[in-house]
Amino acid sequence: MYESEGPFLTVYLAGGSPDENAAEHVWLRWRALHEQVADTADTDSLDAVERAVEAQQPGSIQADGRVLVGAGGQVLLDEAVDASQGGGDTVRWGPEPYLGAYVRESAKTTRILLVVADQHSADIHRLVVAAEQELADVGASEVRGAAGNKVHHPRGGQLAHARIQRHADENRARNAEEIAALIDTRVEQFRPSIVLLAGAVEARAELRSRVGARAAVLLAETDRGGKDVNASEESLTEELLRIAEEHESAERAELAERLDAGLAHQTAVQGAGPVGEAASEGAVDMLLLDEHDTGVDEASLLRECALTDAGVGLLPEETVVRDSVAALLRYARS
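Residues numbered from 1 in each chain as written. Predicted model: local features only at pLDDT ≥ 70, side-chain atom pairs only at ≥ 80, totals over all residues. Heavy atoms only, no water.

A. Spotlight on the overall build of the chain. Across its full length, the chain carries ten helices and 13 strands. Expressed as a percentage of its 334 residues, the buried residues of the chain come to 44%. Partitioning the contacts of the chain with sequence separation of at least 6, the portion at a separation of at least 24 is 71%. Taken as a whole, the chain presents about 16800 Å² of accessible surface, with 45% of it coming from carbon and sulfur. (Helix = DSSP H or I, 4+ residues; strand = E, 2+ residues; numbered from the N terminus. Buried < 20%, exposed > 50% of the residue type's maximum accessible area, 1.4 Å probe, protein only. Contact = heavy atoms within 4.5 Å. Areas by Shrake-Rupley, 256 points an atom, 1.4 Å probe, with all protein chains shown as cover.)

B. Summary view of empty space enclosed by the protein. Throughout the structure, instances matching the rule amount to one cavity of 30 Å³ or more. Put simply, the largest cavity is a space of about 60 Å³. Secondary structure elements with two or more residues in the lining of the largest cavity: α5 (161-190) and α6 (201-208). When residues in the lining of the largest cavity are grouped by element, the largest group, four residues, is from α5. (1 Å grid on protein atoms, 1.4 Å probe; cavity = no way out; pocket = protein on both sides within 12 Å on 5 of 7 lines; lining within 4 Å. Points joined across faces, edges and corners; volume = space filled by probe spheres on them.)

C. The arrangement of helix α9 (residues 272-280) in detail. Residues Ala 272, Val 275, Ala 278 and Ala 279 constitute the buried set of α9. End-on, the buried residues of α9 take up no more than an arc of 135 degrees, which puts them together on one face. Looking at the buried residues of α9, the elements they touch are β10 (268-270), β11 (284-289), α10 (298-307) and β13 (325-329). (Arc of directions from axis to C-beta.)

D. Molecular detail of the pattern of salt bridges. In the structure shown here, the tally under the stated rule is 22 salt bridges. For Arg 204, the salt bridge goes to Glu 221, with nearest N and O atoms at 2.9 Å. Within this pair, whereas Arg 204 is found in helix α6, its partner Glu 221 is found in strand β9 (residues 219-221), the two being separated by 17 residues in sequence. Glu 221 sits in the partly exposed class, given a relative accessible area of 32%. Because the salt bridges share partners, they merge into one network encompassing Glu 105, Lys 108, Glu 248, Arg 252 and Glu 291. (Salt bridge = Lys/Arg side-chain N within 4 Å of Asp/Glu carboxyl O.)

E. Summary view of the packing of aromatic side chains. Taken as a whole and assessed by the stated rule, the structure comprises zero aromatic pairs. One cation-aromatic arrangement involves Arg 92 over Tyr 98; the distance from NZ or CZ to the ring centre is 4.4 Å. (Phe/Tyr/Trp six-rings, centres within 6.5 Å; stacked < 30°, edge-to-face > 60°. Lys NZ or Arg CZ within 6 Å of the ring centre and 35° of its normal.)

F. Broad picture of the sheet that holds strand β1 (residues 8-13). Reading across the sheet, the four strands line up as β3-β2-β1-β4 and stay open at both edges, with antiparallel pairing between neighbours. Because the sheet does not close on itself, it has two edges, and the strands there are β3 (74-79) and β4 (90-94). Across this sheet, the average inter-strand angle for adjacent strands is 10 degrees, counted without regard to direction. Seen against the sheet, helix α1 (residues 22-37) touches β1 and β4 and runs at an angle of roughly 150 degrees to β1. In this fold helix α4 (residues 100-107) packs onto β1, β2 (66-71) and β3, with an angle of close to 55 degrees to the strand it touches most, β1. (Pairing = 2+ DSSP bridges. Axes fitted to C-alpha atoms, helices over the stretch in contact; angles between N-to-C directions.)

G. A look at the environment of Arg 29. For Arg 29, the position within the fold is in helix α1. The spacing of Arg 29 and Leu 13 is 16 residues in sequence and 7.9 Å in space, taken between C-alpha atoms. Those residues in contact with Arg 29 that sit more than four places away from it in its chain are Leu 13, Ala 14, Gln 62 and Asp 89.

H. Expanded view of the layout of surface pockets. When its volume is computed, the largest pocket comes out at roughly 1500 Å³. Contributing to the lining of the largest pocket are 50 residues, with Glu 105, Ser 106, Ala 107, Lys 108 and Thr 109 lying nearest its centre. Considering each element in turn, the lining of the largest pocket owes the most residues, eight residues, to helix α8 (residues 233-264). Class assignment for the residues of the lining of the largest pocket results in 26 nonpolar, eight polar and 16 charged. (Nonpolar A, V, L, I, M, F, W, Y, C, P; charged D, E, K, R; others polar.)

I. Quick look at unusual backbone geometry. Between Gly 6 and the following residue, Pro 7, the backbone shows a cis peptide bond with an omega angle of 0 degrees. Here Pro 7 lies in the segment before β1. At Arg 191, a residue that is not glycine, the phi angle is positive and equals roughly 55 degrees. For Arg 191, the position within the fold is in the loop between α5 and β8 (194-199). In this structure, Asp 323 is a non-glycine residue whose phi angle is positive, near 60 degrees. Position of Asp 323 among the secondary structure elements: in the loop between β12 (311-314) and β13. Its relative accessible area of 36% is what places Asp 323 among the partly exposed residues.

J. Seen up close, a negative patch on the surface. Taken together, the side chains of Glu 251, Glu 254, Glu 257 and Asp 260 make up a negatively charged region of the molecular surface. Structurally, Glu 257 is set in helix α8. For Glu 257, a relative accessible area of 58% puts it in the exposed group. (Patch = residues over 30% accessible without salt bridge, like charges linked within 9 Å, V, L, I, M, F, W, Y side chains within 5 Å. Lys, Arg positive; Asp, Glu negative; His and termini not counted. Charge placed at Lys NZ, Arg CZ, Asp CG, Glu CD.)

K. Focus on the side chain of Asp 290. Relative to the helices and strands, Asp 290 is located in the loop between β11 and α10. Despite its burial, Asp 290 pairs with no opposite charge, the nearest such side chain being Arg 104 at 5.9 Å. Among the polar contacts listed, one links the side chain of Asp 290 to the backbone nitrogen of Asp 293, at a separation of 2.8 Å. (Polar contact = N/O pair within 3.5 Å; in protein donor to acceptor, adjacent residues only side chain to side chain.)

So far we have only geometry, and geometry alone does not tell us how the molecule works.
Next up, the structure:
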């Protein structure tokens, strides 16, 4: 998107409570934004964004919100985002896309790969926990090991007890290996912040010992939830939200610590001027934003950092930086 020539049309539609008149309401909201820039924005870009709005399910826009960016008669970005946490419905036409609200919402989102397992199979869910503790399941699948249900241990006194026992153990191990392999694949595809194991204790232990190195460092476990009929989905949801909140807080605290250390060793800067200079040199490794305050020339900073593959993070509310912006650097600058 940033490699496209501007100017850019940036549209935010806030999320809310959908109703039976969602289509009409979304259309009227879009037309109100359209009128604000009709005399200045490129007609082709306005038409392209309008077609994208019409193509969406009105209920999904009203429930989740939307950000759209158009330029040169094309839609370059069309994503769900809760703009109600920012300025609500807004539209801008300018030399850069205005993605501060979108970036902040993305930075406050935690991706969790949830694995609910027993000895035979596992349900694997790709979950996204948004800023306001909203949980969305963006993809689920069930994997059943090739050994199927053939993992029951024999009862005492059965003929050839040892042989049957060994066969059951082998089946259970084979199932776990296949499930662990799929977990590794999902980690590569989904890139979660956390891999949460739930379900039977024995099944979790089998998977814990078999997943690859990348998944292993992301592992967490919970006793809540499971595949049996008595498992509480509500309890598991509460646990997921708690884990996501703790993860986001810890991530922000770590960024603040890295910033303090970086400022002392010239591997971090703060303030619009120094951050802008570092960004233009490709020296920014992580752009750090205030959660609420938009810094000076933020749109240009986001563009420079995106073009050099820099990350974006949010600082804790108690951390105050000059001009509401700071950066961790790839190397020391004098």
